[in-house]
Amino acid sequence: MSEHMNLGHRVAGGGTPVLENWGMDSEYGVLRDVLIGPMDHYSWQSGNAMSRRSQRLGRHYDPQQARIQYNEMLDAYMGAGVTTHLLPPDPTLPYQLYARDSSVMTPWGPIITQMYSPWRRGEWKAVLEFYLGKRIPVYDIVTAGSLEGGDFMVLKPGVILCGSSGERTSAEGLAQLRSWVEAEGWTFHSYHFDPYFLHLDVKLAMLSEGLAAVCGQALEPEFLDWLRAQGIELIDISYRAMLELGCNVVALGNDRVLLPRDNTELKDKCRAYGLAVIDPDVSLFTAGGGGVHCMCQPLRRDAA
C-alpha cells in the first residue's frame, strides 16, 4: 500500500471500511497497542492553566525524576500486556509528550488533528510519519480550524463524543469532524465548555463498559443526563480532585484502570466498583497539565 493510498482512506459520503488490525469502537475495549509521546524535551508551558496553577503553588519540574516517572508508566503498560509505540522526539516540541492530542483513533483509522497552541502546531509531522511507517491507513486530516484529541472520545460502539471550548477544538474543526462521523452512520454528540478546562478529558473518562468518572461540579446537568441516557453510570469526583486531573485516566479493558498514584479519591471509588487499579506516579506530568490519558493515543482495542 502506498503512502498516498494511506492518506486517502476516508470514503466521501460514508462507507469507509473498518480497519482489521488497528482501530477501536469504544474507550473501554481491551487495550492492545498504544502510542506514547516522548518526554525528552518536555517542559511546563504557561499557556496551560494547570501548569500555571502548579507554578503559582511553587511546584517545580525535575527532569530526572520525571524520567523515572515516565519509565514507571511504560512499565505499567507492559505489565498490563499493552504494546507501547513511542514517537521520536523533536527538540522544538515541548508538549509532544501528550500524544492524545495530535491524532485520534476511530474504527476507520486515525485522524490527524490540528493543534491550537503555537508550540504544538508541529506535532502532526512525527504522528503522520508514524502511521505511514506502520502502514496504518489514515482516515483523514483535520483542515478546518483546530481540533485536539483530548476532546475526542469513541464513547461506545456507534457514538462519538467531542468537546469544544472554541479554542483547542473550534467550531470549524468540530463541524468538519461531525460531517465525517455522521456520514459513517454513527451518532456524533458535542459538548461546549469554558476554555479554562483545557479538554473534555479533564472532566470525563470512561472506566469500563457502562461506567464513567465525571466531575459533576464542572459539567452541565443536561450533559450528565445525556450520559445517563446512553446507559452510562457515573462516578462523581470532587472539583478539587479534578484540578489535579482526577478524571484523566485510561481504561485498559477487562475492568482495569490506569490512573495516577496521587488520585486516591477515584482510586478508592474504582475499587469499590470492583475495578483493578494500576497506579504509576506521574505527578510531574499532571502538574504540567496532562495525565496518563493525555500521554497516550490508543491504536488498537478489542471490539466492545
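Note that this is a predicted model, so its numbers are computed, not measured.

Time to look at the environment of Tyr 139. With respect to the helices and strands, Tyr 139 occurs in the loop between α4 (124-133) and β5 (140-141). Placed 128 residues apart in sequence, Tyr 139 and Val 11 show a C-alpha to C-alpha distance of 8.6 Å. Those residues within four positions of Tyr 139 in sequence are excluded, and the remaining contacts are His 9, Arg 10, Thr 16, Trp 108, Gly 109, Pro 110, Ile 111, Trp 180 and Glu 184. At 2.7 Å, the side chain of Tyr 139 and the side chain of Glu 184 are in polar contact.

All right, on to the pattern of salt bridges then. Applying the stated criterion across every chain, the model contains 14 salt bridges. The residue Glu 27 makes a salt bridge to Arg 100 at a minimum N-O spacing of 3.9 Å. Here Arg 100 lies in the loop between β2 (83-86) and β3 (103-106) and Glu 27 lies in the loop between α1 (3-7) and β1 (31-36), a separation of 73 residues in the sequence. Between Arg 32 and Asp 302 there is a salt bridge, and its shortest N-O distance comes to 2.7 Å. Placement of the pair is Arg 32 in strand β1 and Asp 302 in the segment after β15 (296-301), with a sequence separation of 270 residues. Residue Arg 32 is classed as partly exposed on the basis of its relative accessible area, which comes to 31%.

Taking 1.5 Å of rise per residue, the 13 residues of helix α5 (residues 171-183) would be expected to cover 18 Å, and the 18 Å separating its terminal C-alpha atoms lies within 8% of that figure. Taken together, the buried residues of α5 touch β4 (109-112), β5, β6 (152-156), β7 (159-164) and β8 (187-192). Among the residues trailing α5, Gly 185 stands out with phi positive, at a value near 85 degrees.

What counts as what
- Counting of residues starts from 1 at the beginning of each chain's written sequence and follows it residue by residue.
- Local features are withheld for residues below a pLDDT of 70 in this predicted model, meaning they are given only at 70 or higher, and side-chain atom pairs are given and counted only at 80 or more; totals for whole chains, interfaces and linings count all residues.
- Side-chain calculation: all heavy atoms of the structure are included, whereas hydrogens and water are not.
- Strands here are runs of E lasting at least two residues and helices are runs of H or I lasting at least four, both read from the DSSP assignment and numbered beginning at the N terminus.
- What makes two residues a contact is simply this: any of their non-hydrogen atoms within 4.5 Å.
- In protein, a polar contact requires one atom able to donate a hydrogen and another able to accept it; more generally it is a pair of N or O atoms within 3.5 Å, and residues adjacent in sequence count only if both atoms are side-chain atoms.
- Salt bridges are defined by distance alone: a side-chain nitrogen of Lys or Arg within 4 Å of a carboxyl oxygen of Asp or Glu.
- The classification of residues rests on relative accessible area computed with a 1.4 Å probe and restricted to protein chains. Under 20% of the type maximum is buried, over 50% is exposed, and intermediate values are partly exposed.
- Expected helix span is taken as 1.5 Å per residue step, with the number of steps being one fewer than the number of residues.

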